[in-house]
Amino acid sequence: MKHAKRFQSLMLALSMTAAAVPSWAAETAGAVTEYSKATGGTGGPMVNQLNLQAPATAIASEIYSLHNLMMYICLAIFIAVFGVMFYSILKHRKSLGHKSASFHESTAVEIAWTVVPFLIVIGMALPATKTVVAMKDTSNADITIKATGMQWKWGYDYLKGEGEGITFISNLTTPRSQVGAPGVAPTEKRSDTYLMEVDNEVVVPVNKKIRIVTTANDVIHAWTIPAFGVKQDAIPGFVRDTWFKAQHTGVYRGTCVELCGKDHAFMPIVVRVVTAEEYTAWADKKKKELAALADDPNKTWTIDELKTKGEKVYSANCAVCHQANGKGVPGAFAALDASPVVNGEKAAQIHVLLNGQKSGKFPAEMPAWKQLSDTDIAAVITYTRNSWSNKPAENIVQPAEVLAARK
């Protein structure tokens, strides 16, 4: 009974000490006026880093504190348990004349080893639950951004808030000369941001709540920025969300953390946090660039860009008749899923959209959609040719092809 009481007192004292230490540690890590200084200027992991990245959000600071708290509690349990064990082994060994006690049960010990672990678990669970609940609260966001994972890049759509309508694809920019290949050594020195640099960064304002909505086009990916305390799976056919509120300007780096194929290591995430004024200027500039590109029929689009844009055009103009699943309405509107026109030569589908069609099979004719831009028509055709069960040989249409068909 005496040893049980001592053990219980020791555990409570160690737990109280451990609870005080991580708060200090989190404050030290979080008190970074310029985040880049805390990461050696990379915005990501540092060489020989031994702990979590310096937190850049309140949630990340809480995670940092919880991590340390759990580590200290485990350390205290380790020291207490093994301390008692080794003390008993050394001080009560047979060579010193001690004899083993013979008893069957002890009510005090039974209560102690039931109550003490229960209190420890509760002490660990309460702060962890509070943080987990806060991590899932995506309400009242200032800006909502959709992040779409695809093999092997990220697509971003600014859905709500300042910058609404901005859309782009983010690709790895680390040159192959730094990467090398199986059996082939790299020919160029690797940079400090090796495999963590992109052509189009996600730009957000500081001290604003940013909601990230995640999904995927093909397999499971995961959108992760360690400094924000954010890791959210992007699952095909599902919409998940998370959020962050960066407290410091700077560049933050992460990557896909779900094994998604052979180039899994080549789809980094880069978020640039700027002041409110800088963000407004960036958003205005980006919108003008996108508007100019959308009106330029000579731009060559990637298939992923066309599919992303085409899905929006289809939802706004085509889904009401042909349905979101492409099945159409039997006896009223044609199905695009498994359609011979959609799976046939692309010139025929371009002709239908530009000039309409009266097949006689349905009471209503397919109207002409000349009012859509060349880019919109190219995008929606590409989307239908790569959706549902459709797998045509000619699966992509460029705006220049639609422009040529208008003449």
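Look up: the structure comes first, before these words.
Residues numbered from 1 in each chain as written. Predicted model: local features only at pLDDT ≥ 70, side-chain atom pairs only at ≥ 80, totals over all residues. Heavy atoms only, no water.

Brief notes about the overall build of the protein
Alright, step 1. Across its full length, the protein holds 11 helices and 10 strands.
Alright, step 2. Put simply, of all contacts in the protein between residues at least 6 apart along the chain, 66% involve residues at least 24 apart.
Alright, step 3. Within the structure as shown, the protein displays about 22,500 Å² of accessible surface, and the carbon and sulfur contribution to it stands at 61%. (Helix = DSSP H or I, 4+ residues; strand = E, 2+ residues; numbered from the N terminus. Contact = heavy atoms within 4.5 Å. Areas by Shrake-Rupley, 256 points an atom, 1.4 Å probe, with all protein chains shown as cover.)

Regarding the pattern of salt bridges
Alright, step 1. For the coordinates displayed, the defined rule picks out 11 salt bridges.
Alright, step 2. Across the pair aspartate 241 and arginine 211 runs a salt bridge whose closest N-O atoms are separated by 3.1 Å. Taken together, the residues aspartate 241 in strand β8 (residues 240–244) and arginine 211 in strand β5 (residues 210–216) connect sequence positions 30 residues apart.
Alright, step 3. What emerges from the salt-bridge pattern is a single network uniting Lys231, Asp233 and Glu258. (Salt bridge = Lys/Arg side-chain N within 4 Å of Asp/Glu carboxyl O.)

Structural notes on the sheet that holds β5
Alright, step 1. Strand order in the open sheet formed by five strands is β3-β2-β1-β5-β8, with mixed pairing between adjacent strands. The sheet is open, and its two borders are formed by β3 (167–170) and β8, each paired with just one other strand. Each strand axis lies, on average, 25° off the axis of its neighbour in the sheet, ignoring direction.
Alright, step 2. When strand β1 (residues 143–150) meets strand β2 (residues 153–160), the two strands line up antiparallel, connected through seven bridges. Note that in β2 the partner of lysine 146 across the bridge is aspartate 157.
Alright, step 3. The strands touched by helix α6 (residues 276–294) are β1, β2 and β3; relative to β3, the strand with the most contacts, the crossing angle is about 95°. (Pairing = 2+ DSSP bridges. Axes fitted to C-alpha atoms, helices over the stretch in contact; angles between N-to-C directions.)

Notes on unusual backbone geometry
Alright, step 1. Between glutamine 151 and tryptophan 152 the backbone carries a cis peptide bond, its omega angle lying at 0°.
Alright, step 2. With respect to the secondary-structure elements, tryptophan 152 resides in the loop between β1 and β2.
Alright, step 3. Not every positive phi belongs to a glycine, and leucine 195 is a case in point at roughly 65°.
Alright, step 4. Relative to the assigned elements, leucine 195 resides in the loop between α5 (176–179) and β4 (202–205).
Alright, step 5. A positive phi is found at asparagine 207, a non-glycine position, where the angle reads about 60°.
Alright, step 6. Tracing the backbone shows asparagine 207 in the loop between β4 and β5.
Alright, step 7. Taking the relative accessible area as the measure of exposure, asparagine 207 reaches 44% and is therefore partly exposed. (Buried < 20%, exposed > 50% of the residue type's maximum accessible area, 1.4 Å probe, protein only.)

Concerning helix α3 (residues 58–91)
Alright, step 1. Between its terminal C-alpha atoms α3 stretches 48 Å, which fits the 50 Å expected from 34 residues at 1.5 Å a residue.
Alright, step 2. If you check which residues of α3 are buried, you get Ile59, Ala60, Ser61, Tyr64, Ser65, Leu66, Asn68, Leu69, Met70, Ile73, Ala76 and Ala80. (Expected span 1.5 Å × (residues − 1).)

Some thoughts on the layout of surface pockets
Alright, step 1. Roughly 700 Å³ of volume is contained in the largest pocket.
Alright, step 2. The wall of the largest pocket is formed by 33 residues, among which His322, Ala334, Leu336, Gln357 and Met366 lie closest to the centre. (1 Å grid on protein atoms, 1.4 Å probe; cavity = no way out; pocket = protein on both sides within 12 Å on 5 of 7 lines; lining within 4 Å. Points joined across faces, edges and corners; volume = space filled by probe spheres on them.)

Here we look at the sheet that holds β4
Alright, step 1. Strand order in the open sheet made by the three strands is β4-β10-β9, with mixed pairing throughout. Of all strands in the sheet, those bounded by a partner on one side alone are β4 and β9 (250–255). Neighbour to neighbour, the strand axes of the sheet diverge by 25° on average, direction disregarded.
Alright, step 2. Pairing of β9 with strand β10 (residues 268–274) involves six bridges; the strand directions are antiparallel. Of the residues in β10, the one forming a bridge with glycine 254 is isoleucine 269.

Comments concerning the pairing of β5
Alright, step 1. Of all seven residues making up β5, six are buried, and the element is well covered by its neighbours.
Alright, step 2. Pairing geometry for β1 and β5, over seven bridges, is parallel. Looking at the pairing, alanine 147 lines up with threonine 214 of β5.
Alright, step 3. Of the strand pairs in this sheet, β5 and β8 are connected by five bridges, and their pairing is antiparallel. Along β8, the bridge assignment pairs threonine 214 with arginine 240.

A short note on the side chain of lysine 153
Alright, step 1. Summarising the element assignment, lysine 153 is placed in strand β2.
Alright, step 2. With a relative accessible area of 18%, lysine 153 lands in the buried category.
Alright, step 3. Within the structure, the side chain of lysine 153 is placed 3.1 Å from the side chain of aspartate 304, a separation counted as a polar contact.
Alright, step 4. Residue contacts for lysine 153: discarding those within four places in its chain leaves Thr148, Ile169, Ser170, Asn171, Met267 and Asp304. (Polar contact = N/O pair within 3.5 Å; in protein donor to acceptor, adjacent residues only side chain to side chain.)

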